[in-house]
Amino acid sequence: MTHAKVIYLLIDGLAYQVAQHSMGYLLALCESGEASLHPLQSELPSLSRPLYETLLTGQTPVQSGIRHNGVTRLSHGPSLFGLAQQAGLVTAAAAYHWISELYNRSPYDARRDRFTQDPSLPIQYGRFYHQDHYPDDHLLIDADDLLRRHQPDLLFIHPMNVDDAGHQFGLSSPQYRNAARRFDILLSEFLPDWRAAGYQILITSDHGMNDDRTHGGSLACEREVPLFLLGEAFNHSPSAPPRQRELAGTLADLLGLEHGLPACPALLNPHWRPA
Ligand SMILES: [Zn+2]
C-alpha cells in the first residue's frame, strides 16, 4: 500500500469547550499517547453546509459560494471525495443528506440516494439520512457496515445528535453536554476495531453552539471546535496550529492524492510509512 486509509469523522455542532471535557474515551487515548487534541477555529459563517464545503474542499464559504444552509447545489470542487474517486480509491460516507447534495447528486431524493452504491459517483458507497434526530448509534453501525463491506480508502462519518441537542437546549445545557458524552461512549465501541483495520482517524466538528440555541457568528463557543488526531501517521505535537480549511488537503496528502488544496504538513508524521 502506498497511502494511508483514512476515517474522517465530523461530529456536527460540537464546541471545543464541551469536547475538551466530555469525550472521556477520546481523552483517554490522548493520555495514553495514541491520540492528541487540538483547538481549531471554524471559518465564518459558523454554519453547517458552508463548513462541510470548507472541510471537504479547503475553500472558505466566501470562496465556495456555499454561504448559508439553503444553498442547495453541487460543490464546484475539487473535493476530497472527487479527488480520491478519480485516483481510483474507494470512497464511502455515512452522513447527513447535505453531503450527498454537495458531492453526489442535488437535490437529494431519499428513495434514490439514501442507500448509494455507484462507483462512478464521488461518494461511491453512501448511507445518507435526512432527520436531525437519526440516532447516532444507528449512524455508527451504518459506517461500520460500509467499512466491513467495502474497506474504503476514505470513510467519512457524520453524526447529527450533538447539534440537534444544542438547537433544542443550548450550549450550557446538560442535554447538549450529555449528547457529546453519549457519542464518545458509542464511538469507543468501534474505534479499536477501526484502528486495528489500519485506519488513521481525524475527528473534528464544523462549528460549535451558543446559548441562543444556534450558531453562525464569531463567538468563541460558535467558532472553536476540537481536532482529535488518532494514529501513527499524524504528528501529535505540530509546530504550527492547523486551520480548518487545511484539513481536506492534509487528508489528501495522507491518501497519496495529487491536489492543489491548502494543507498543513505539520500535522503529518514525516517518518511514517504505510505498512
Ligand atoms: Zn446546527
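The present account deals with the structure reproduced in this document. (Residues numbered from 1 in each chain as written. Predicted model: local features only at pLDDT ≥ 70, side-chain atom pairs only at ≥ 80, totals over all residues. Heavy atoms only, no water.)

1. A word on the overall build of the protein chain
Item 1. For the protein chain, the helix and strand inventory stands at 12 helices and eight strands.
Item 2. Whereas a compact globule of 275 residues would reach a radius of gyration of roughly 19 Å, the protein chain reaches 17 Å, a difference of no more than 12%.
Item 3. Summarising its shape, the C-alpha atoms of the protein chain cover approximately 45 × 45 × 35 Å along the three principal directions.
Item 4. Going through the 275 residues of the protein chain one by one, you find that 60% of them count as buried.
Item 5. Sequence-distant contacts in the protein chain: of pairs separated by 6 or more residues, those separated by 24 or more amount to 70%.
Item 6. Of the roughly 10,900 Å² that the protein chain leaves accessible, carbon and sulfur atoms contribute 49%.
Item 7. In the protein chain, 20 positive and 30 negative side-chain charges are present, and the distance between their average locations comes to 4 Å. (Helix = DSSP H or I, 4+ residues; strand = E, 2+ residues; numbered from the N terminus. Rg over C-alpha atoms; globule rule 2.2 N^0.38 Å. Buried < 20%, exposed > 50% of the residue type's maximum accessible area, 1.4 Å probe, protein only. Contact = heavy atoms within 4.5 Å. Areas by Shrake-Rupley, 256 points an atom, 1.4 Å probe, with all protein chains shown as cover. Lys, Arg positive; Asp, Glu negative; His and termini not counted. Charge placed at Lys NZ, Arg CZ, Asp CG, Glu CD.)

2. A short note on the packing of aromatic side chains
Item 1. This model, assessed by the stated rule, comprises eight aromatic pairs.
Item 2. Relative to Tyr103, the ring of Phe81 has its centre 5.7 Å away and its plane inclined at 55°; by these criteria the two rings are tilted. Pair noted here: Phe81 is in helix H5 (residues 80–86) and Tyr103 is in helix H6 (residues 97–103), with a separation of 22 residues, a long-range link. The same class applies to Phe81 and to Tyr103, which are both buried.
Item 3. Aromatic side chains Tyr96 and Trp98 sit 5.2 Å apart centroid to centroid with 65° between the ring planes, which places their arrangement in the edge-to-face category. Per residue, the accessibility class of Tyr96 equals that of Trp98, and both read buried.
Item 4. Taken together through their ring pairs, the aromatic side chains of Tyr52, Tyr96, Trp98, Tyr129 and Tyr134 make up a single cluster.
Item 5. Its guanidinium or amino end placed over the ring of Trp98, Arg49 lies 4.4 Å from that ring's centre, counting from NZ or CZ. (Phe/Tyr/Trp six-rings, centres within 6.5 Å; stacked < 30°, edge-to-face > 60°. Lys NZ or Arg CZ within 6 Å of the ring centre and 35° of its normal.)

3. Some details on the packing of helix H8 (residues 136–150) against helix H10 (residues 174–196)
Item 1. As a packed pair, H8 and H10 sit with axes 10 Å apart at the nearest point and diverge in direction by 10°. Taken together, the axes of H8 and H10 are roughly parallel relative to one another. Here Asp136, Asp137, Leu140, Ile141, Asp144 and Leu147 of H8 lie close against H10, whose contacting residues are Phe183, Leu186, Leu187, Phe190 and Trp194.
Item 2. Each residue belonging to the contact of H8 with H10 can be placed in one class, and the counts come to eight nonpolar, no polar and three charged. (Axes fitted to C-alpha atoms, helices over the stretch in contact; angles between N-to-C directions. Parallel < 35°, antiparallel > 145°, perpendicular 65-115°, else oblique. Nonpolar A, V, L, I, M, F, W, Y, C, P; charged D, E, K, R; others polar.)

4. Observations concerning the packing of helix H9 (residues 161–169) against H10
Item 1. Packing of H9 against H10 leaves a shortest axis separation of 8 Å and a crossing angle of 175°. Taken together, the axis directions place H9 and H10 in an arrangement best described as roughly antiparallel. Facing H9, whose interface residues are Asn161, Val162, Ala165, Gly166 and Phe169, H10 presents Gln175, Tyr176, Ala179 and Ala180.
Item 2. When the residues that make up the contact of H9 with H10 are grouped by side-chain class, the tally is six nonpolar, three polar and no charged.

5. Some remarks on the pairing of strand S6 (residues 154–157)
Within a regular strand, the side chains alternate between the two sheet faces.
Item 1. Neither face of S6 is left uncovered, since the one carrying Leu154 and Phe156 and the one carrying Leu155 and Ile157 both have all their residues buried.
Item 2. Across four bridges, strand S1 (residues 5–10) lies against S6 in parallel orientation. By the bridge assignment for S6, Ile7 is matched with Leu155.
Item 3. For strand S3 (residues 91–96) and S6, the ladder comprises four bridges, and the chain directions are parallel. Looking across to S6, one finds that Ala92 is bridged to Leu155. (Pairing = 2+ DSSP bridges.)

6. Details of the nonpolar core
Item 1. Ranked by size, the top nonpolar core spans 88 residues in total, and within it Tyr8, Ile99 and Trp194 carry the most contacts.
Item 2. When residues in this core are grouped by element, the largest group, eight residues, is from H10.
Item 3. Other than its neighbours up to four places away in sequence, Tyr8 contacts Leu55, Leu56, Leu80, Leu154, Leu155, Phe156, Ile157, Leu202, Thr204, Leu247, Ala248 and Leu251. (Core = buried A, V, L, I, M, F, W, Y, C linked by side-chain atoms within 4.5 Å.)

7. So, H10
Item 1. Given a rise of 1.5 Å per residue, 23 residues ought to cover 33 Å, and the 34 Å separating the end C-alpha atoms of H10 matches this to within 8%.
Item 2. Within H10, the axis deviates most sharply at Ser188, by approximately 40°, and proline Pro192 lies no more than four positions further along. (Expected span 1.5 Å × (residues − 1). Bend = angle between axes of the 7 residues up to and from the residue.)

8. With respect to the state of the cysteines
Item 1. On inspection of all chains with the given rule, the structure shows zero disulfides.
Item 2. Left unpaired, Cys30 is separated from the closest cysteine sulfur, that of Cys264, by 17 Å. (Disulfide = S-S within 2.5 Å.)

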